[in-house]
Amino acid sequence: MKFKNSALQQAIKFALATTTVGLFVSGSVIAAEEATEETKVNKNVEKIAVVGTRSAPRSIGDSPVPIDIIGGEELDKGGNTDMLELLKGSVPSFNVHQNPISDAASLVRPANLRGLPSDSTLVLVNGKRRHRASVIAFLGGGINDGAQGADISVIPSIALKQVEVLRDGAAAQYGSDAIAGVMNFVLKDASEGGSFEIRQGEYYEGDGDTTQISGNVGLPFTDSGFANLSFQYKTADATSRSVQRPDAAALNAAGVPEVSSLAQVWGAPEVDDDISIFGNIGLDISNTAQFYMFGNYSERDVRGGFYYRNPHTRPGVYSNDGGETLLVGDLTGDMSGNCPTDIMIDDNVLDNQRYIDLVANNPDCFAFNEMLPGGFTPNFGGNITDTALTIGTKGEITSGFLEGAYYDLSGTVGYNESRYFIYDTINASLGPDSPRDFSPGKYSQLEKNFNADLSKGFDFGLAYDVNVAGGLEWHEETFTVVSGDVASFTAGPLTEQGFGIGSNGFPGFKPSDAGEYTRRNYAAYVDVEAPFTDDFLMGLALRYEDYDTFGSTTNYKLTAQYHVTEDLNIRGSISTGFRAPTVGQANVSNVQTNLSSGVLVDSALLPPTNPIAVQLGGTELQPEESQSYTFGAVWTIGDLFFTIDYYNIQVDDRISQSDKIELSQADKDTLEAAGVPNVQNLAQVSFFTNDFDTTTQGVDAVANYSTELLGGSSTFSLAYNWNDTEVTKSSPITGEFKVSRLENDLPNHRATLSWAQQWENFSAFTRVNYYGEYQGVHVDYDATAKTADAAVTIDAEVTYFLTEEISLSVGATNLFDQEAEKLDFFDRTGIPNNNWGGKYYETSPYGINGGFYYVKATYTF
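Reading guide: rules and limits
Residues numbered from 1 in each chain as written. Predicted model: local features only at pLDDT ≥ 70, side-chain atom pairs only at ≥ 80, totals over all residues. Heavy atoms only, no water. Helix = DSSP H or I, 4+ residues; strand = E, 2+ residues; numbered from the N terminus. Rg over C-alpha atoms; globule rule 2.2 N^0.38 Å. Buried < 20%, exposed > 50% of the residue type's maximum accessible area, 1.4 Å probe, protein only. Disulfide = S-S within 2.5 Å. Pairing = 2+ DSSP bridges. Contact = heavy atoms within 4.5 Å. Axes fitted to C-alpha atoms, helices over the stretch in contact; angles between N-to-C directions. Salt bridge = Lys/Arg side-chain N within 4 Å of Asp/Glu carboxyl O. Polar contact = N/O pair within 3.5 Å; in protein donor to acceptor, adjacent residues only side chain to side chain. Core = buried A, V, L, I, M, F, W, Y, C linked by side-chain atoms within 4.5 Å.

Points about the overall build of the chain
Thinking step 1. The helix and strand inventory of the chain stands at 13 helices and 36 strands.
Thinking step 2. Its C-alpha atoms give the chain a radius of gyration of 28 Å, near enough to 29 Å, the size a compact globule of 861 residues would have.
Thinking step 3. Projected onto the principal axes, the alpha-carbon positions of the chain cover approximately 95 × 60 × 55 Å.
Thinking step 4. Looking at the chain as a whole, 61% of its 861 residues qualify as buried.

Some words on the state of the cysteines
Thinking step 1. Enumeration according to the criterion identifies one disulfide in this entry.
Thinking step 2. Between the sulfur atoms of Cys-339 and its disulfide partner Cys-365 the distance amounts to 2.0 Å. On the sign convention where negative is left-handed, the bridge of Cys-339 and Cys-365, at about -95° about the S-S bond, is left-handed. Of this pair, Cys-339 sits in the loop between strand E13 (329-330) and helix H7 (353-360) while Cys-365 sits in strand E14 (residues 365-366), and the two are 26 residues apart along the sequence. Across this residue pair, the class does not change: Cys-339 and Cys-365 are buried.

Describing the pairing of strand E31 (residues 762-771)
Thinking step 1. Along E31, the buried face is formed by Ser-763, Phe-765, Arg-767, Asn-769 and Tyr-771; none of Phe-762, Ala-764, Thr-766, Val-768 and Tyr-770, which line the opposite face, is buried.
Thinking step 2. Bridging between strand E30 (residues 749-758) and E31 involves nine bridges; their strand directions are antiparallel. Within E31, the position partnered with Ala-756 by the bridge is Phe-765.
Thinking step 3. What sits between E30 and E31 in their antiparallel hairpin is a turn of three residues.
Thinking step 4. Here ten bridges tie E31 to strand E34 (residues 791-801), and the two strands are oriented antiparallel to one another. When the bridges of E34 are listed, Phe-762 appears paired with Tyr-800.

Regarding the sheet that holds strand E7 (residues 181-187)
Thinking step 1. Pairing in this open sheet of five strands is mixed, and the strands run E1-E6-E7-E4-E5 from one edge to the other. Pairing within the sheet leaves two strands with one partner each, and these edge strands are strand E1 (67-71) and strand E5 (128-129).
Thinking step 2. With five bridges joining them, E1 and strand E6 (residues 160-166) adopt antiparallel strand pairing. When the bridges of E6 are listed, Ile-67 appears paired with Leu-166.
Thinking step 3. Running over the sheet, helix H4 (residues 83-90) touches E1, E6 and E7 and is turned about 115° from E7.

Structural notes on the environment of Gly-305
Thinking step 1. Considering the arrangement of structural elements, one finds Gly-305 in strand E12 (residues 289-305).
Thinking step 2. Given the relative accessible area of 30%, Gly-305 is considered partly exposed.
Thinking step 3. Distance from Gly-305 to Ser-106, taken between C-alpha atoms, is 9.7 Å for residues 199 residues apart in sequence.
Thinking step 4. Ignoring any residue separated from it by four or fewer positions in sequence, one finds Gly-305 in contact with Ile-101, Pro-378 and Asn-379.

Side note on the pattern of salt bridges
Thinking step 1. Enumeration according to the criterion identifies 38 salt bridges in this entry.
Thinking step 2. We note a salt bridge from Lys-128 to Asp-408, for which the minimum N-O separation is 3.4 Å. Of the two residues, Lys-128 sits in strand E5 while Asp-408 sits in strand E16 (residues 406-423), which places them 280 residues apart along the sequence.
Thinking step 3. Residue class for Asp-408 comes out buried when judged on its relative accessible area of 0%.
Thinking step 4. Residues Asp-693 and Lys-729 are paired through a salt bridge, measuring 3.7 Å at the closest nitrogen-oxygen approach. Linking Asp-693 in strand E28 (residues 682-709) with Lys-729 in strand E29 (residues 712-730), this pair joins segments that are 36 residues apart in sequence.

Things to note about the side chain of Lys-856
Thinking step 1. Secondary-structure assignment places Lys-856 in strand E36 (residues 852-860).
Thinking step 2. We classify Lys-856 as buried; its relative accessible area is 4%.
Thinking step 3. At 3.5 Å, the side chain of Lys-856 forms a polar contact with the side chain of Glu-797.
Thinking step 4. Among all residues touching Lys-856, those that are not within four sequence positions of it are Asp-76, Glu-197, Ile-198, Arg-199, Glu-797, Ser-807, Leu-808 and Ser-809.

Some details on the nonpolar core
Note that soluble globular proteins tend to have their nonpolar side chains buried in a common cluster.
Thinking step 1. If you look at the biggest cluster of nonpolar residues, it comprises 35 residues, and the most contacted ones within it are Tyr-420, Tyr-443, Phe-479 and Val-588.
Thinking step 2. Contributions of two or more residues to this core are made by strand E15 (379-396), E16, strand E17 (438-458), strand E18 (466-483) and strand E24 (599-606).
Thinking step 3. Ile-70, Leu-86, Phe-94 and Val-125 belong to the second-largest nonpolar core, a separate cluster that totals 32 residues.

This is the structure in structure tokens:
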């Protein structure tokens, strides 16, 4: 499609009516159902979208950069209730893990586009920057260690008109975080009609029962506007893909009471009262101007399992010498109880006569075996609240020098809060007076954005108008740490006797840890697109950004597109980019429980400027810098649409959590003097650092074909991604195993093949998902790693249209219950070893829960 001047003006007016001026996306993956409808009406209709340049929207094959467009109806047929899983099924270069037992990463799961961490993808809603989640993924499975991205799981599919995935670096256009690409969630904007949906499903194993109720309604907002409202309410039971831990089974066999039949659970957490409300409002305030407003309120409670505390070996609670002798506390206050410190632990310490006589029957002495004889397994959870509001106006300037220009002025406020809870645990230093449930505190993330954009076409005698755009942005980011309840961090009377301080597994944030950290930055950009001929288009974007912490950065992007023939065009881009360290990454501190070489230990995350971190190699964080280029082609042959694009992304000074470094006694003494809790029980420390460089390259190929088949309309879609990441430079604090995880955890090859079939009263949707080989890893332990096999899963849905308004659907994801790779590793003596109770490698790209079936009823009006 070639735009002459009048066509350009019409296209820009269309963009104003549908989305924010200054944002454009073209796409390559068409929602199968929408394509089917278009085929029925007019096979020559070309799809357009809106993110990627600041010129007018173009047809999907006429873009200089590759973009996927996933329609709302395709998302609705994805079979899952989580936006992350829905996108994973539609975009092969998008990956997400289920992250069992991963601290806060279980509450807000990080995702990966093109093998880069979640905070390397910029998230937009209606073309406006989305705020980050307050959760920092301290246990992020290697790739996402320390990532702090946006929480897109709060966005319900029923609220979406489409999702646009720009698979190209775009920091010169949008600023920080757009190294891997941009995801733009476009909200529905109808002023009438709507739908309600009820969905019920569970896994083939009989757990994970999920109920979802959602709705969307379009209303007129006076005669010149719309108010489109959506909601989603969901609950999901926990799952378990676990076996009994060998140590717990041995305790049970030895007669130790109160040992759980599954001491440690690997699976999806319980999600309760998950509610999201989205609103999108637009109003024409004149023939040339429009007011808009959109936002959301979302909240959910999440609770999942944690690591089992063995009643013979857990440091700081039961034993401080690896399970040789029992840790016994003297409750007298003046150590007059003469409590024993040499009670030997055998198969069941409760049978030890000295324990019975000197501890169990002695009111002055105490061991946690009296209170929790079978050990305990904390449950970790949180309440996640997310809200945002954007207000703006856009339109056409009708007089003066800028007559004919289009403007967009907007302000956005976004807030995310994660209040943490840990249940069924103890503050060991409080002895028998310890509560069992704690609130360790909360993190919050507040962001404010103000944008001013202008776009105008100028006639320089080229094929059509040269589009010139420019704008300003102001951004403020505040990360806040709020201290926990006193019992979660206090040092109780048994502290000096070797008992651990704070809620075991997640010690609370002390008042000295609490604080509010703010950073401001502003940006200016210019963007030019010049059509030198009808067949040759070039674009240039420049962006200057200044931060009040580390200074300024300037980035560029150059794009080009050339029509070789009417049906074939080639395209490419070259750009630089950056990702600023988040305020949370620069300032947060935390103590967490994790497995190190298969042993449960406590480790502290310190700010990179902490004296201990500096001593171990930490420095003040600097922004990541990237260089990327893409080259591809678009080919249309009748009803066949095909694109292929190669990309290469080099990222220098990547920000991540360092490898966990073993502490010396001198380090512990320094930390204790600095006020870090529970220091003598800490084994390791880590911190955020710019410590390695990577090169990521890959190929995306997409094909779509529509035809009449089997007495109905058919649409076939094929999408393939090859992705390879290489760590080109690293430091000792990166760690060899982390390098292996960055390079090998994600499959190099991913593909999806979908078939959408429409008859008069029935429709069917089938998708085949291919996952190539990947590195199987369990409990972040190098001895567990292996190359896991490639696998295929199949998703399917069949819908019967009972009436024009009511439809009934039945479907399944992983229809044939493809099993994840089973754990298959050995300890250092060559004996099979599964001390942690899991069944499957947690890095499985299609999850560990197996097949899921559901039924759905939809009422459309």
